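# Structural description and commentary
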Amino acid sequence: MLAFCICRLTMPGITGNKCSSVVRRLILWVLLTNIILVLYCLTNSRQGNNRSSQQSPCPLSGAKLLKKNVSVPPQSTTSGECSPKVNIMFMKTHKTASSTILNMLFRFGEKHKLKFALPNGRNDFSYPSAFQCSQVKDFRLGDCFNIVCNHMRFDHQEVAKLLPADAVYITILRNPVDLFESAFHYYHRVIPLTWSIDGEDKLAGFLNNPQSFYRANAFNSFYLKNLLFFDFGLDNNLQGNDRRVARDINILSKRFDLVLFAEYFEESLVLLKDTLCWTTEDILYFKLNVRRSSSVSHLTPELRTKAIQWNEADWKLYQHFNATFWARVEAYGRERIKQEVNELRRRNSEMMEVCIEDGGAVEAQKIQDRRFLPWQPIGESPILGYNMRKNIDPEFRKMWCCLHPGHGETRHPNPHPPLCIGPTACSSLTDSKTLDKSPTPCCLAPKRCNELSDDLRTDTPLSTLPSSNGSYL
């Protein structure tokens with residue numbers, strides 16, 4: 001009735017019948033509009049709830065249970081007493097000294113019995129596919145982990161499902177020119193695009209005419225352009241002046257609490273120690289995956305410029321975080337960080353003296369214990385490794401030389417595998433992995449086990465051992 005009166009008052013030229021028709025249409029339109037609005041709200045509500053559940057960190061109950069099972073005593077630092085951080089996401093980038101950081105995380109996690117999210121059946125999270133929680137070994141909805149650190153193509157929303165809300169996000173970068181040189185030599189045999197480059201210096205041949213040897217969607221082509229951008233889950237084919245590059249860098253700067261640098265590795269470790277409230281012992285290291293100097297290409301200034309132009313998105317990423325890194329150094333104190341770097345070097349030298357033969361890294365063919373052979377590129381052996389001293393005090397070995405200066409990217413049943421696996425453990429493996437002649441695991445048969453002391457053996461079924469992969473240095 002009200003609508004009819006309004007119709008007569010606002011449209012006096014319309015007769016009663018016509019006004020009634022207008023009112024009916026108006027009412028129908030209002031009803032349809034309200035129905036559409038209700039359906040829209042309900043749909044968005046469901047999507048919002050789904051999105052919220054998908055993006056939220058591990059459940060609060062799971063995070064509390066995780067914390068309850070972890071016991072890490074407070075540390076006294078120059079800034080006062082603090083509690084070591086145990087929830088950590090390390091975005092492991094390629095060819096950036098990231099395997100050395102990985103080892104530190106394995107050691108710290110094993111020392112404090114932390115829970116790792118590990119890949120399911122390989123040494124990375126199905127790289128180069130984007131990370132998904134389903135790639136985590138034995139993952140179940142609602143699972144919480146302390147540490148995620150193996151190679152992946154980063155997806156923040158997926159990673160956040162695994163970790164408590166207070167997790168610290170860390171990564172490491174390297175000068176894109178040196179990274180490109182290293183990645184090119186390391187991977188070129190598995191990148192078909194490079195096979196047709198003529199001449200001995202394939203790297204120079206590529207940089208002088210990159211468009212002739214690059215297609216964005218070709219097999220393994222991501223290794224050839226803006227590899228850092230690709231690792232972070234971004235579009236590695238963007239030009240440096242594309243506005244999306246600056247946008248993506250800004251997003252990453254909000255995601256990560258600390259960005260380390262391979263070029264300033266020791267300074268980075270001091271900042272890492274400060275950020276995580278760790279001790280100097282926690283950041284001692286052997287350099288991992290180091291190439292012999294003869295395998296490194298020393299690019300001319302002209303080629304370095306071309307490498308920057310070709311990897312301009314990575315270069316902008318590097319410049320941005322390089323500036324924030326040195327701002328952080330200034331805040332920490334240059335003199336203070338210099339003193340801590342000197343102390344770290346002294347402690348590292350002591351450890352090397354006790355643990356390592358030959359004074360440092362050696363060629364692969366000189367490594368006596370084949371378990372410590374680092375993974376090598378196909379058809380080459382440029383990666384150096386270590387020989388462990390045999391007369392190390394057992395307690396010192398347990399504390400320090402469990403740094404295990406060995407494999408960089410090889411999967412192992414345990415982040416620090418025992419030197420000997422006994423008959424019960426052997427039975428949990430296939431016969432092809434059971435050895436009775438060579439001192440090389442995966443499994444040592446009884447004859448070899450009997451030659452070793454008790455503290456170097458285990459007879460625990462491998463299914464009950466903590467599983468890991470990647471480097472143990």
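Residues numbered from 1 in each chain as written. Predicted model: local features only at pLDDT ≥ 70, side-chain atom pairs only at ≥ 80, totals over all residues. Heavy atoms only, no water.

### Observations regarding the overall build of the protein chain
- Counting its secondary structure elements, the protein chain contains 16 helices and 11 strands.
- Within the span of the protein chain, comprising 473 residues, buried residues form 47% of the whole.
- Of the roughly 24,200 Å² of accessible surface on the protein chain, a fraction of 53% belongs to carbon and sulfur atoms. (Helix = DSSP H or I, 4+ residues; strand = E, 2+ residues; numbered from the N terminus. Buried < 20%, exposed > 50% of the residue type's maximum accessible area, 1.4 Å probe, protein only. Areas by Shrake-Rupley, 256 points an atom, 1.4 Å probe, with all protein chains shown as cover.)

### Some points on unusual backbone geometry
- Omega for the bond connecting Tyr-127 with Pro-128 falls within 30 degrees of zero, at 10°, which places this linkage in the cis form.
- On the secondary structure map, Pro-128 appears in the loop between β4 (116-117) and β5 (147-148).
- One non-glycine residue, Ser-126, lies in positive phi territory at about 50°.
- Topologically, Ser-126 is positioned in the loop between β4 and β5.
- Looking at Ser-126, the relative accessible area reads 25%, which means it is partly exposed.

### Describing the pattern of salt bridges
- In the structure shown here, the tally under the stated rule is 13 salt bridges.
- Measuring nitrogen to oxygen at the nearest pair gives 2.6 Å for the salt bridge that ties Asp-124 to Arg-122.
- Here Asp-124 falls in the buried class, since its relative accessible area comes to 11%.
- A salt bridge links Glu-302 to Lys-306; the nearest nitrogen and oxygen atoms lie 3.6 Å apart. One end of the pair, Glu-302, and the other, Lys-306, are both in helix α11 (residues 301-310), four residues apart, so they sit about a helical turn from each other.
- Residue class for Glu-302 comes out exposed when judged on its relative accessible area of 53%. (Salt bridge = Lys/Arg side-chain N within 4 Å of Asp/Glu carboxyl O.)

### Some points on the state of the cysteines
- Inspection of every chain in the model, using the stated rule, returns one disulfide.
- Paired by a disulfide, Cys-82 and Cys-277 hold their sulfur atoms 1.8 Å apart. Across the S-S bond linking Cys-82 and Cys-277, the dihedral sits near 90°, which makes this disulfide right-handed. A residue pair is termed long-range when its members are at least 10 positions apart, and Cys-82 in strand β2 (residues 80-82) and Cys-277 in the loop between α10 (265-276) and α11 qualify at 195 residues.
- Classification of Cys-82 by relative accessible area gives partly exposed; the value is 24%.
- Judged by its relative accessible area of 2%, Cys-277 falls in the buried class. (Disulfide = S-S within 2.5 Å.)

### Structural notes on the environment of Asn-250
- Mapped onto the elements, Asn-250 comes out in helix α9 (residues 243-255).
- The sequence separation of Asn-250 and His-320 amounts to 70 residues, and the corresponding C-alpha distance is 9.1 Å.

### Regarding the confidence of the model for the protein chain
- Overall, the prediction assigns the protein chain a mean pLDDT of 75, with 57% of residues at 70 or greater.
- The low-confidence segment residues 43-55 (pLDDT under 50) makes four contacts with residues lying over four places distant or belonging to another chain. (pLDDT = per-residue confidence, 0-100. Contact = heavy atoms within 4.5 Å.)

### A word on α11
- Considered for burial, the residues of α11 that qualify are Leu-303, Ala-307 and Trp-310. Projected onto a plane normal to the axis of α11, the buried residues spread over an arc of 65° and lie on a single side. Facing away from the buried surface of α11 by more than 90 degrees, the exposed residues are Pro-301, Glu-302 and Gln-309.
- Where α11 is buried, its residues meet α6 (176-187), α7 (202-208) and α12 (312-332). (Arc of directions from axis to C-beta.)

### Let's talk about α10
- When the terminal C-alpha atoms of α10 are compared, their 16 Å separation across 12 residues agrees well with the 16 Å that a helix rising 1.5 Å per residue should span.
- The buried count for α10 comes to 10 of 12 residues, which makes it a mostly enclosed element.
- Contacts made by the buried residues of α10 are with β3 (88-91), α4 (98-111), β6 (168-173), β7 (258-261), α12 and α13 (334-355). (Expected span 1.5 Å × (residues − 1).)

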